[in-house]
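Chains, contacts and geometry: an overview
Below are the chains, spelled out letter by letter.
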Amino acid sequence: MEKGGSSSRGGGYSRKWAIDLTNNDYSSSSSTRDIPDPLGFTRSSQEPEDGAGGSRQRKETEAAWKAQKAWEVAQAPFKNLFMMGFMMWMAGNTVHLFSIGITFSALWQPISALQSVGKVFEPYKDSRVDTVAPKLVFIALNLAAMGLGVWKLNALGLLPTHASDWVSSLPPAQEVEYSSGGLPFL
């Protein structure tokens, strides 16, 4: 690195932050000592920690990170619950292709998530990390999502809730509500 003199490409001036990498005067050990660390960089964080204290602290930090990530995964179905509820509300209560597709999607997603609970929490398995509570929250939120799908099936009238749904000789259940529109014209 040239200091104070003119450089061949610099247009007659040199920059104090420029390093001439073609000069072999720098050995690998001395060049790291000569170059100052960038702003915000601390070399102490890069040095290996010695002793069992550093290893234990690293393991505790990793266990805390795994526990935090397990709780994030456990609470992920909560976000999906509101999105799916909004989509089912937008689909309406009439039986058509879109509402049936949304409803069966709302049923299928929690079922497939409940089948893969072990796979979902396997990366966070550790002797210092308790994954029982996050798994229970994950299962409860997926059961709530499945309950939302079953409620939508009932609202669409697709659940067999009356005896007449099973036996064809019985009369259908009486409607609880009746609506008529407008004012009568004379």
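See the structure shown above.
Model, not experiment: these values are computed from the prediction. (Residues numbered from 1 in each chain as written. Predicted model: local features only at pLDDT ≥ 70, side-chain atom pairs only at ≥ 80, totals over all residues. Heavy atoms only, no water.)

1. A word on the overall build of the chain
What counts is decided by this rule: Helix and strand assignments come from DSSP, with helices taken as H or I runs of at least 4 residues and strands as E runs of at least 2, each series counted from the N terminus. For every residue, the accessible area (1.4 Å probe, protein chains only) is compared with the maximum for its type, and the residue is labelled buried under 20%, exposed over 50%, or partly exposed between those bounds. Pairs of residues are marked as contacts when any of their non-hydrogen atoms sit within 4.5 Å. Accessibility throughout is a Shrake-Rupley quantity obtained with a 1.4 Å probe, and a residue counts as covered only by protein chains that appear here.
Along the chain, the regular secondary structure elements total 5 helices and 0 strands. Along the chain, helices and strands appear, N-terminal first, in the series α-α-α-α-α. Scored against the burial criterion, the 186 residues of the chain give a buried share of 18%. Long-range contacts, defined here as pairs at least 24 residues apart, represent 62% of the contacts in the chain between residues at least 6 apart. In the form shown here, the chain has an accessible surface area of approximately 14700 Å², with 59% of it arising from carbon and sulfur atoms.

2. Some points on the packing of aromatic side chains
This is how the line gets drawn: Two aromatic rings, drawn from Phe, Tyr or Trp (for Trp, its six-membered ring), form a pair once their centres lie within 6.5 Å of each other, and the interplanar angle then sorts them: stacked below 30 degrees, edge-to-face above 60, tilted otherwise.
Following the criterion strictly, the structure yields 3 aromatic pairs and no others. Geometrically, the ring pair formed by F78 and F82 is edge-to-face, given 5.0 Å between the ring centres and 90° between the ring planes. Residue F78 and its partner F82 are located together in helix α2 (residues 51–91), separated by 4 residues, close to a single helical turn. Overall, the relative accessible area of 42% leaves F78 in the partly exposed class.

3. Quick notes on the pattern of salt bridges
The condition that has to hold: Think of a salt bridge as a Lys or Arg side-chain nitrogen and an Asp or Glu carboxyl oxygen that are within 4 Å of each other.
Per the counting criterion, the structure on display carries 4 salt bridges. For K66, the salt bridge goes to E62, with nearest N and O atoms at 3.5 Å. In this pair, K66 and E62 are both assigned in helix α2, 4 residues apart and thus about one turn of the helix distant. Residue K69 is joined to E72 by a salt bridge in which the shortest nitrogen-to-oxygen separation is 3.4 Å. Of this pair, K69 and E72 both sit in helix α2, 3 residues apart, roughly one helical turn. Judged by its relative accessible area of 41%, E72 falls in the partly exposed class.

4. Thoughts on the side chain of S99
Inclusion rule: Polar contact is the term for a pair of N or O atoms within 3.5 Å; when the atoms are in protein, one must be able to donate a hydrogen and the other to accept it, and sequence-neighboring residues count only if both atoms are side-chain atoms.
Mapped onto the secondary structure, S99 falls in helix α3 (residues 97–115). A polar contact is formed between the side chain of S99 and the backbone oxygen of H96, at a distance of 3.1 Å. Here S99 is in contact with A91, G92, T94 and L156, once residues within four sequence places are set aside.

5. A word on the nonpolar core
What counts, and what does not: The set of buried Ala, Val, Leu, Ile, Met, Phe, Trp, Tyr and Cys residues whose side-chain atoms join them within 4.5 Å is what this entry labels a nonpolar core.
Counting residues in hydrophobic clusters, the biggest one holds 7 residues: A70, A74, A113, V117, F121, Y124 and F138. With residues up to four places along the chain from it excluded, the contact list for F138 reads V73, A74, P77, A113, V117, V120 and F121.

6. Examining the packing of α3 against helix α5 (residues 132–156)
Basically, it comes down to this: To obtain an axis, a line is fitted to C-alpha atoms, over the contacting stretch when the element is a helix, and the angle between two such axes runs from 0 to 180 degrees between their N-to-C directions. Here is the rule for angles: anything less than 35 degrees is roughly parallel, anything more than 145 is roughly antiparallel, 65 through 115 is roughly perpendicular, and the remaining ranges are oblique. Here a crossing is taken to be left-handed if its near helix is turned anticlockwise relative to the far helix by less than a right angle, and right-handed if that turn runs clockwise. Amino acid classes used here: Ala, Val, Leu, Ile, Met, Phe, Trp, Tyr, Cys and Pro are nonpolar; Asp, Glu, Lys and Arg are charged; the rest, including Gly, are polar.
For the pair α3 and α5, interaxial distance at closest approach is 9 Å and the crossing angle is 155°. The angle between α3 and α5 places the two elements in the roughly antiparallel class. As α3 packs across α5, the resulting crossing turns out to be left-handed. Listed contacts from α5 to S99, T103, F104, A106, L107, P110, I111, A113 and L114 of α3 are F138, I139, N142, L143, A145, M146, G149, V150, K152, L153 and L156. Across the contact of α3 with α5, the residue classes break down as 15 nonpolar, 4 polar and 1 charged.

7. Focus on α5
Put simply, the test is: What a helix is expected to span follows from its residue count: subtract one and scale by 1.5 Å.
Compared with an ideal rise of 1.5 Å per residue, which puts 25 residues at 36 Å, α5 spans 36 Å between its outermost C-alpha atoms and is within 8% of the ideal. Looking at α5, one finds that the buried residues are P134, F138, L141, N142, A145, G149, K152, L153 and L156. Trailing α5 by a residue or two, G157 shows a phi angle of about 80°, which is positive.

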